[in-house]
Amino acid sequence: MSHAIQIQDLTVSYNRHPAVHHLSGEFAPGSLTAVVGPNGAGKSTLLKTIAGVLRPAQGHVVRAGIRPRDIAYLPQQAEIDRRFPISILDVVSSGHWHRRGLFRGLRPPDMDRAVEALAAVGLTGFQNRVIGSLSAGQFQRVLFARMLLQDAPVILLDEPFNAIDARTTADLLRVVHRWHGESRTVVAVLHDLEQVRHNFPQTLLMARREIAWGPTDATLSARNLLRARAMAESWDDNAPVCEQGFENG
Amino acid sequence: MAEFLWQPFAEFSFMRRALVACFAIALGAGPLGVLLVLRRMSLVGDALSHAILPGAAIGFLVAGFSLPIMSVGGLVAGLVVAVLAGLVTRFTDQREDASFAALFLIALALGVMLISLQGSNMDVMHVLFGSILAVDDTSLLMVAGAGTITILALAVAFRALVMECFDPGFMRAIGAGGLIWHLLFLGLVVLNLVSGFHALGTLMAVGLMMVPAAAARYWSADVGGIMLAAVGIAMVSGWVGLLLSYHQDVATGPAIILTAGVFYALSVIFGRNGGLIRTLYPRPHLEA
């Protein structure tokens with residue numbers, strides 16, 4: 001159940017402008033890491049690249065022994081039409097895909113597990129409702145329940161607690177800790193530094209490049225946070241070609 | 001009254017064939033139309049139906065007025081446009097509606113140019129509007145075959161097609177082959193449009209796919225229920241439309257689609273699931 005994700009000299013760019021710039025490091029097996037940084041620091045881009053949605057402009061993400069199905073990725077904004085006529089049980093059950101695939105039917109134990117997963121995120125009795133009747137916070141709980149069924153060794157969460165109330169956040173953080181207890185590798189993009197200090201042992205502070213990566217208390221020092229904030233947010237149309245990229249690429 | 005409803009079909013075999021063709025088209029096209037509506041691709045069916053034209057025209061230039069060859073041509077042309085649009089969308093920055101619009105207009109222009117090289121207006125009229133009262137064994141078999149393939153494919157891949165509709169990002173992320181399902185789906189749409197074009201013409205075949213689907217959304221809150229409603233509305237529209245056309249001596253294809261249009265209007269007004277009356281006069285709320 002232990003899988004490391006190595007980031008090797010990773011650059012990911014939009015229109016040649018880097019959003020993640022020469023980042024290197026490792027998410028250790030079974031680690032629970034928060035990714036923190038100002039807006040535009042490349043946090044979501046990093047997660048998308050690890051999930052395989054974006055391709056690096058330079059460098060690699062090494063996912064040794066990790067198949068696509070071993071990564072459960074919760075995007076910041078899923079391309080989901082919340083008015084789609086589908087029941088909550090059906091959405092959660094899609095987390096069974098890697099076990100049931102296309103052809104095999106869902107059996108009563110699968111249904112029981114889906115109901116259990118809903119109970120674990122505080123949605124007991126919701127299974128037959130359609131998703132259109134849920135609030136944003138309740139829907140986020142549904143997506144967490146689906147990830148419980150995915151049973152993936154690597155879990156990537158992009159701002160999972162945005163616009164979510166305190167109680168839901170506390171419930172979902174319990175799920176995150178449960179995953180950590182099961183030695184899964186969890187990476188979450190977050191903004192609430194207090195939340196990070198209380199719940200996440202490891203932190204990557206980034207501003208396109210790495211500012212600091214390690215134990216949360218050391219990483220989130222006042223000096224480091226100041227450096228991250230000073231990150232130039234400018235988009236220079238006449239920026240020269242990156243020397244480092246030129247040498248290696 | 002019963003005689004009014006059944007007599008034309010009892011008396012004339014061409015009416016029976018037309019009815020069976022309508023039922024077969026309804027079975028295949030109805031559920032696909034529902035998936036198109038749910039993916040917000042309602043107009044893509046229309047685009048694909050136009051894309052079929054150059055293929056049918058090439059078939060006509062090669063073999064004259066031969067339905068099988070024109071169908072094969074239409075099928076190939078439709079699939080090429082669907083696959084190209086799917087690939088352009090997946091691998092470049094453009095959204096699906098734009099790539100479909102560009103490609104189907106190119107195909108349409110090509111089709112019109114090919115038809116203008118040879119052939120009279122009558123043939124164009126047939127391709128565009130069909131002639132359901134002249135359905136022969138070959139086209140009946142094609143329609144039935146397309147319907148059968150569609151129902152079987154839906155039965156096998158239902159879960160994948162609905163999930164690809166609902167949450168394409170998830171299908172990609174878990175490596176469940178999002179693109180394959182998308183292309184299979186578009187392929188089924190093309191197949192149904194081609195099989196429908198002898199009977200209803202390229203323009204009206206889309207009608208029996210989309211209008212019942214749009215109406216059905218007002219009657220159920222789950223995908224399966226909406227599909228059943230769409231098939232039902234499409235079948236009844238075919239039956240009533242044929243009767244209208246027989247008794248009133250009006251063009252058959254439009255009569256069928258206009259009947260579906262009446263169902264659509266009724267659904268918009270009276271639909272249980274978000275219809276006008278339910279929206280304007282909501283029922284009293286519950287305790288919790």
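Up top is the structure.
Small disclaimer: the values here were computed from a predicted structure and weren't measured.

1. Remarks on the overall build of chain B
In terms of helices and strands, chain B carries twelve helices and zero strands. When its helices and strands are written in sequence order, chain B yields α-α-α-α-α-α-α-α-α-α-α-α. Since a compact globule built from 288 residues should have a radius of gyration of about 19 Å, the 19 Å found for chain B is in line with a globular shape. If one aligns the C-alpha atoms of chain B with their principal axes, the spans along those axes are about 70 × 60 × 30 Å. Carbon and sulfur atoms provide 71% of the accessible area of chain B, an area that totals close to 13100 Å². Across chain B, 12 positive and 14 negative side-chain charges occur, with their mean positions spaced 11 Å apart.

2. What about the packing of aromatic side chains?
Evaluated as defined, the whole model comprises seven aromatic pairs over all chains. Here F84(A) and F166(B) contribute two aromatic rings whose centre-to-centre distance is 5.4 Å and whose plane-to-plane angle is 55°, an arrangement assigned as tilted. With F84(A) in the loop between β5 (71–74) and α2 (88–93) and F166(B) in helix α7 (residues 137–166), the pair connects residues from two separate chains. F84(A) gets classed as buried once you look at its relative accessible area, which sits at 2%.

3. A few points about the pairing of strand β9 (residues 209–215) of chain A
Residues and elements named next belong to chain A. Sheet topology places strand β8 (residues 202–207) next to β9; six bridges connect them, and they run antiparallel. Within β9, the position partnered with Q202 by the bridge is P215. Counting the residues between successive antiparallel strands, the hairpin from β8 to β9 contains one residue, one of them, R208, with a positive phi of roughly 65°.

4. Here we look at the sheet that holds strand β4 (residues 58–62) of chain A
All names here are of chain A. On the basis of which strands lie adjacent, the open sheet formed by three strands has the order β2-β1-β4 and antiparallel pairing. Only two strands of the sheet have a single neighbouring strand rather than two, namely β2 (17–27) and β4. Neighbour-to-neighbour, the strand axes of this sheet turn through a mean angle of 25°, independent of strand direction. Bridge count for strand β1 (residues 5–14) against β4 is four bridges, and the pairing is antiparallel. What sits directly across from I7, in β4, is V61.

5. Section: the pattern of salt bridges
Residue and element names in this part refer to chain A. According to the stated counting rule, one finds eleven salt bridges over all chains in the structure shown. Two residues, R174 and D171, come together in a salt bridge whose shortest N-O distance is 2.5 Å. Residue R174 and its partner D171 are located together in helix α6 (residues 166–181), separated by three residues, close to a single helical turn. Owing to a relative accessible area of 54%, R174 belongs among the exposed residues under this scheme. Its relative accessible area of 14% is what places D171 among the buried residues.

6. Brief notes about the interface of chain B and chain A
Taken together, the 26 residues of chain B in the interface contact 26 residues of chain A. Taken over both partners, the interface formed by chain B and chain A buries close to 2100 Å², and the fraction arising from carbon and sulfur atoms is 65%. The interface formed by chain B and chain A holds two salt bridges in total. With a shortest N-O distance of 2.6 Å, R146(A) and D167(B) are connected by a salt bridge. Put simply, chain B and chain A have four residue pairs in polar contact (both at pLDDT 80 or more) between them. Counting residues per element, the side of chain B that touches chain A draws most heavily on α7(B), which supplies eight residues. Tallied by class, the residues present in the side of chain B that touches chain A amount to 18 nonpolar, two polar and six charged.

7. Quick word on unusual backbone geometry
Residue and element names in this part refer to chain A. A positive phi angle, near 45°, is found at E159, a position not held by glycine. Along the chain, the position of E159 falls in the loop between β6 (154–158) and α6. Using a relative accessible area of 10% as the deciding quantity, one classes E159 as buried. The phi torsion at S183 lies on the positive side, around 65°, for a residue other than glycine. Looking at where S183 falls in the secondary structure, it is placed in the loop between α6 and β7 (185–189).

8. A closer look at the pairing of strand β3 (residues 32–36) of chain A
Residues and elements named next belong to chain A. The buried fraction of β3 amounts to five of the five residues, a majority that puts the element mostly inside the structure. What you see with β3 is no split at all: L32, A34 and V36 on one side and T33 and V35 on the other are buried throughout. Examined bridge by bridge, β3 and β8 share four bridges and lie parallel to one another. Its bridge partner lying in β8, V36 is registered against L205.

9. Details of the packing of helix α3 (residues 42–63) of chain B against helix α4 (residues 67–91) of chain B
All names here are of chain B. As a packed pair, α3 and α4 sit with axes 6 Å apart at the nearest point and diverge in direction by 140°. By the angle between their directions, the pair α3 and α4 is classed as oblique. Once α3 is placed against α4, the crossing between them reads as right-handed. Contact residues: L48, A51, I52, P54, G55, A56, G59, F60 and A63 in α3; I69, M70, G73, G74, A77, G78, V81 and A82 in α4. Of the residues contributing to the contact of α3 with α4, the split by class is twelve nonpolar, five polar and no charged.

Each value, and the rule that gives it
Residues numbered from 1 in each chain as written. Chains lettered and ligands numbered in written order. Predicted model: local features only at pLDDT ≥ 70, side-chain atom pairs only at ≥ 80, totals over all residues. Heavy atoms only, no water. Helix = DSSP H or I, 4+ residues; strand = E, 2+ residues; numbered from the N terminus. Rg over C-alpha atoms; globule rule 2.2 N^0.38 Å. Areas by Shrake-Rupley, 256 points an atom, 1.4 Å probe, with all protein chains shown as cover. Lys, Arg positive; Asp, Glu negative; His and termini not counted. Charge placed at Lys NZ, Arg CZ, Asp CG, Glu CD. Phe/Tyr/Trp six-rings, centres within 6.5 Å; stacked < 30°, edge-to-face > 60°. Buried < 20%, exposed > 50% of the residue type's maximum accessible area, 1.4 Å probe, protein only. Pairing = 2+ DSSP bridges. Axes fitted to C-alpha atoms, helices over the stretch in contact; angles between N-to-C directions. Salt bridge = Lys/Arg side-chain N within 4 Å of Asp/Glu carboxyl O. Contact = heavy atoms within 4.5 Å. Buried area = accessible area lost by both parts, 1.4 Å probe. Polar contact = N/O pair within 3.5 Å; in protein donor to acceptor, adjacent residues only side chain to side chain. Nonpolar A, V, L, I, M, F, W, Y, C, P; charged D, E, K, R; others polar. Parallel < 35°, antiparallel > 145°, perpendicular 65-115°, else oblique. Left-handed = near helix turned anticlockwise from the far one by under 90°.

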